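# Understanding the architecture of this molecule
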Amino acid sequence: MNILYPIFLILFSISIKDFAAQTSESKFAQFMMTNVDSREKVLEIDQFMRNQEGVEISRADFISKKYLCIYSPNSDLNRIKFETWMEELGVEIKCFREGKFGTDKIIDQKLDCE
């Protein structure tokens, strides 16, 4: 039992470093969804987005109408892809922002884009 504890700690610390390295280089996109007003719709959006290659995290909220996606820097995701996907889902967006996760600030957006 005593020997398993140090091994577990080593494996755990390695996995934490791998996760930190992955997210520190990630990018993010955030925007407002002007016509989303149900829990079912945000679940549909998140399910769709999580199935896209390069997407690490997808969070849509129908109360605040905010959307946040964290994605791999090696992916070919860009504003046009996000706009196309949201159009396919019947979602109107505005206040689109992109940045480097951990470097650029994810802001608390409002529907008036301020």
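One structure accompanies this document, and this report is about it. Not measured: the values here are computed from a predicted model. (Residues numbered from 1 in each chain as written. Predicted model: local features only at pLDDT ≥ 70, side-chain atom pairs only at ≥ 80, totals over all residues. Heavy atoms only, no water.)

### Considerations on the overall build of the protein chain
Keep this limit in mind: Helix and strand assignments follow DSSP, with helices taken as H or I runs no shorter than four residues and strands as E runs no shorter than two, numbered in order from the N terminus. Note on classification: 1.4 Å probe, protein chains only; a residue is buried when its accessible area is under 20% of the maximum for its type, exposed when over 50%, partly exposed between these limits. Using the Shrake-Rupley algorithm and a 1.4 Å probe, accessible areas are obtained, with residue cover drawn only from the displayed protein chains.
Counting its secondary structure elements, the protein chain contains three helices and four strands. The linear arrangement of helices and strands in the protein chain, starting from the amino end, is α-β-α-β-β-α-β. For the protein chain, buried positions account for 31% of its 114 residues. Within the structure as shown, the protein chain displays about 7,600 Å² of accessible surface, and the carbon and sulfur contribution to it stands at 56%.

### Concerning the nonpolar core
For clarity, the threshold we go by: Definition of nonpolar core: a set of buried residues of the types Ala, Val, Leu, Ile, Met, Phe, Trp, Tyr and Cys, connected through side-chain atoms within 4.5 Å. Note on contacts: a residue pair is in contact if any heavy atoms of the two residues lie within 4.5 Å.
If you look at the biggest cluster of nonpolar residues, it comprises 19 residues, and the most contacted ones within it are Met33, Ile45, Met49, Tyr67 and Phe82. Among the secondary structure elements, those contributing two or more residues to this core are strand E1 (27–33), helix H2 (39–50), strand E2 (55–60), strand E3 (66–71) and helix H3 (79–88). Residues within four places of Ile45 in sequence aside, it is in contact with Met33, Val36, Ser58, Ala60, Tyr67, Met86, Leu89 and Val91.

### Looking at the pattern of salt bridges
What counts here: In what follows, salt bridge is the name for a side-chain nitrogen of Lys or Arg lying within 4 Å of a carboxyl oxygen of Asp or Glu.
Overall, the coordinates contain six salt bridges when judged by the stated rule. Note that Arg50 is salt-bridged to Asp46, the shortest N-O span being 3.8 Å. Of this pair, Arg50 and Asp46 are both found in helix H2, four residues apart, which corresponds to roughly one turn of the helix. With a relative accessible area of 43%, Arg50 lands in the partly exposed category. For Asp46, a relative accessible area of 7% gives the class buried. Here Lys110 makes a salt bridge to Asp108, at a shortest N to O gap of 2.9 Å.

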